[in-house]
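# A structural walkthrough
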Amino acid sequence: MIAMGIVAAGAVLAASTATFAAPVGTEWHLDRINQALLPLDGVNARGPLTGAGIDIYIVDTGVRSTHEQLTGRVVPGIDIPTENETSKVDPVSSDCDGHGTHVAALAAGSTVGVATQARVIAVRVLDCNGDGEVADVVDALQWVRAHHRSGIAAVVNLSFGVDLGDDGTSIDHEVQALIDEGVVVTVASGNGDAAGRPIDACKIAPADVPDALTIGAVGISDAVSYYANNGPCVDLYAPGGDRTKGLLSAWKNSDTNYEFDVGTSMASPLVAGYAALLAQQQPGMCATSISRAIVDRSTKGVITGMTADSPNRLLFIDTAPIVTTTPGEASHVIVTTDSQSLVVSWDSPCDGGSVLTGTRVSLLRNGKVVKRMDVPAGTNAVRFLGLALGSRYQVVIKAKNAIGAGIATSRITTPVIRKILPGQSVEPSALGSLTSDLPLLWSVSQASKKVCRLQVMPFRLVALRKGACRVGLRGIAGQDPVIRTLRIG
Ligand SMILES: [Ca+2]
Ligand SMILES: [Ca+2]
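Per chain, the residues get numbers from 1 upward, laid out in the order the sequence is written. To label them, take the chains in the order written and letter them from A, then take the ligands in the order written and number them from 1. Per-residue local features of the predicted model are confined to residues with pLDDT of at least 70, and side-chain atom pairs are confined, for both listing and counting, to 80 or more; whole-chain, interface and lining totals are unaffected and use all residues. Side-chain measures here rest on the full set of heavy atoms in the structure, leaving out hydrogens and waters.

For Na, K and Ca the donor cut-off is 3.2 Å, while for other metals it is 2.8 Å, and in both cases only N, O and S atoms qualify; water is not among them, so sites may look incomplete. Binding of the calcium ion (ligand 1) to the protein goes through Asp31 (O), Asp31 (OD), Asn34 (OD1), Gln35 (OE1), Asp41 (OD) and Val43 (O), at separations of 2.3 to 2.5 Å. Coordination geometry of the calcium ion (ligand 1): the six donor atoms subtend angles of 68 to 153 degrees at the metal centre, consistent with an arrangement described as irregular. Each donor residue of the calcium ion (ligand 1) lies on one chain, and together they are spaced D-x2-N-Q-x5-D-x1-V. On the basis of relative accessible area, Asp31 is assigned to the buried category, the value being 7%. For four-coordinate sites, all angles between 85 and 135 degrees define a tetrahedron; for four- and six-coordinate sites, opposite donors beyond 155 degrees with the remaining angles between 65 and 115 define square planar and octahedral shapes respectively, and all other cases count as irregular. Accessible area is worked out with a 1.4 Å probe on protein chains only. A residue is then buried under 20% of its type maximum, exposed over 50%, and partly exposed in between.

Split into domains, the protein comes out as domain 1 (6–314) and domain 2 (331–488). Each domain's extent is set by a domain assignment, obtained either automatically or from a database. Computed from C-alpha atoms alone, the centre-to-centre distance between domain 1 and domain 2 is 38 Å. Facing the 11 residues of domain 1 at the interface are 14 residues of domain 2. Summed over both sides, the interface of domain 1 with domain 2 buries roughly 1,000 Å², with 58% coming from carbon and sulfur. If you sort the residues of domain 1 by the area they bury against domain 2, Arg145, Ala146 and Ser150 come out on top, with a joint share of 37%. A pairing counts as a salt bridge when a side-chain nitrogen of Lys or Arg comes within 4 Å of a carboxyl oxygen of Asp or Glu. Where domain 1 touches domain 2, the interface holds zero salt bridges. By the criterion applied in these results, polar contacts are pairs of N or O atoms within 3.5 Å in which, for protein atoms, one can donate a hydrogen and the other can accept it, and in which residues neighboring in sequence qualify only through two side-chain atoms. Between the two partners, domain 1 and domain 2, sit four residue pairs in polar contact (both at pLDDT 80 or more). Per-element accounting of the side of domain 1 that touches domain 2 gives the leading share, three residues, to helix 4 (residues 134–147). Polar here means any residue other than Ala, Val, Leu, Ile, Met, Phe, Trp, Tyr, Cys and Pro, which are nonpolar, and Asp, Glu, Lys and Arg, which are charged; Gly is therefore polar. Within the side of domain 1 that touches domain 2, the residues separate by chemical class into three nonpolar, five polar and three charged. Should any heavy atoms of two residues lie within 4.5 Å, those residues are counted as being in contact. Each of two parts loses accessible area, computed with a 1.4 Å probe, when they are put together; buried area is these two losses added. Helix and strand assignments come from DSSP, with helices taken as H or I runs of at least 4 residues and strands as E runs of at least 2, each series counted from the N terminus.

A one-sided burial pattern is seen for strand 27 (residues 441–444), the buried positions being Trp442 and Val444 and the unburied ones Leu441 and Ser443. By definition, two strands form a pair when at least two bridges between them are found by DSSP. Both strand 27 and strand 30 (residues 467–474) contribute to a ladder of four bridges, which runs antiparallel. If you follow Trp442 over to strand 30, its bridge partner there is Leu473.

Cavity: a set of points on a 1 Å grid over the protein atoms alone where a 1.4 Å probe fits but cannot get out. Pocket: an open set with protein on both sides within 12 Å along at least five of seven lines, its lining residues, like those of a cavity, having an atom within 4 Å of a point. Grid points are joined across faces, edges and corners, and a volume is the space filled by probe spheres set on the points. Approximately 600 Å³ is the volume attributed to the largest pocket. Looking at the largest pocket, it is lined by 33 residues, and the ones nearest its centre are Ile179, Asp180, Glu181, Glu329 and Ala330. At the level of secondary structure, the elements contributing two or more residues to the lining of the largest pocket comprise helix 5 (164–180), helix 7 (287–296) and strand 17 (331–338). Looking at the lining of the largest pocket, its residues break down into 10 nonpolar, 16 polar and seven charged.

Our focus in this paragraph is unusual backbone geometry. Here Ala205 and Pro206 are connected by a cis peptide whose omega angle stands at -5 degrees. As for its position among the elements, Pro206 is in the loop between strand 10 (204–205) and strand 11 (213–218). Each neighbour pair has its own omega, and for Met457 with Pro458 the value is -10 degrees, a cis peptide bond. Structurally, Pro458 can be placed in the loop between strand 28 (452–455) and strand 29 (460–463). Unusually for a residue other than glycine, Ser339 sits at a positive phi of about 40 degrees. Relative to the assigned elements, Ser339 resides in the loop between strand 17 and strand 18 (341–347). Ser339 sits in the buried class, given a relative accessible area of 17%. Although it is not a glycine, Asn366 adopts a positive phi angle of roughly 50 degrees.

For the rest of this paragraph, the subject is helix 3 (residues 99–108). The buried fraction of helix 3 is high, at 10 of 10 residues. All of the buried residues along helix 3 are His99, Gly100, Thr101, His102, Val103, Ala104, Ala105, Leu106, Ala107 and Ala108.

The structure is reproduced here in C-alpha cells:
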C-alpha cells in the first residue's frame, strides 16, 4: 500500500516541555465565538444547549476516551490502522498521536469544547504520525454511513486533507453521501502546501466538497492564520491560532494532559460543536439547513488579511431555532420481489424540524403511477401485491410533515417481478436491490435453512422447498440487517 498523503491539518507549536494546567473555561477560542466584535469580553457562555444526544464522529488519529474533558462520552468506532495492524493501539480507537484527542475536546470537551455533552465517536484512520491512506478514509466514512442513526442529525469532523490528484475524489464522494443522509460534515481547509504556504482549498479533498462546511482559521486578533488555505471553497473561519497563541485542548499523554496546538484542524471542530448544539435543539433538522444556518449566522466583515476570493465570515454561536422546512429524502431504500409482489423499505429522512406525519410510496409502470400507498410516520416498509409477472416497476418515496411534502427519491427501478419456485436458484441481485453505491449484502436466517440457502460460487439464492425464506439485507457489513420474508412456491 502506498501512503496517499492524507495529513492531519494541525501542528503542535514548537516542541514544549511545559505542562499546562487544566483550563477553567476561559479559553480565548470559546470567548471569541460568542461575540461579534473584539475585544474579547472574558465571557464564553453559549446558552443552554450542550449537544446532549448528538453524535460527533471524530475521524482522526483516535481519541483518548478517559481524558477528563471527555470522560464517559467517547465511544470507540472503527479503528482501521489497528485492524490493518499497521499502527496498533490499545484500547482500540485510542490515540497515539494526540491530534484526534485535541480535536475531539475542541468539539465536545467539558471546559475547552463547544458541545460539552455531545457524544464523541472515535473513528481512527490516521496513524501515530497523523498520516493515513485514502482507501482507509473511504472505508471509515462508509462505516459512519452505516452507523449513524437515520433521521437524527449527526456531525462528522474531518481535520485532514489530501491533494485532489491523489484520488481525493473518492473521499469527496463519500463525504457527499454522508451529507445526503443528514450528516453535517465539517472539514479543515488545510494548512498550506509542503512549505506551509496557504493554497486554494478547492485543490484539497474533502475541503472542496460544496455541501461540506469548510473551515479556515484565524488568530486571536481576527487575522487569517498564516497557514490557512483559502478561496471560494472556504465557508467560514473559526479560531485556529497562530504564532501568538494556539488553542489549548486535551492531549493524549494522560487524562489531565493539555497542549497548545494550531491549525485549521482546530478551527473545524469548533464548528462541529456548534452544529451539534443546533442538532440537539432540532434533532430532525436536515444537515443542509444546519450548515446554511451556521454560514448565515457568522459575523461578516471582521477578518483581516484574507484573499479577495475568500468569504469574510467568522464563526458566531447563535442558538436561535432554525426555521423548519419540509422533510429530506428517504435513504437506504431496499426493494425485494417475490410471488407477484414487491416490498419496499426505507430509512426515514430528516424531518426538517417538524415531525414526520407520513410517507407516500408510489409505484409506477411505464412512467405512470399504478399504485399509491400512504402510510403513517413510523411505518418504514410497504408491500405491493398483484403485480405483473415479468415486469419491472419504479418506486418513488416522499415523506411529509406539517409544512408539506418533502424531497421525493428519484425513481427506483425494481427487479423484474417473478415467482421463486422450489428447485430454482436465482442471483440475489435479481430479487433485491439497494439504492446506494454499496452492494446489497445477503444472509439467510437460521430458521429458514431448510427452505432456502445461499450458494457462494456462483452467488445464488437456492430455493429448496415451498415456504418462507427469511433473509437479512444490509448495505454495509456490521449494519443491522433489514429482515425480509421471500415466499417460495
Ligand atoms: Ca466572549
Ligand atoms: Ca461548503
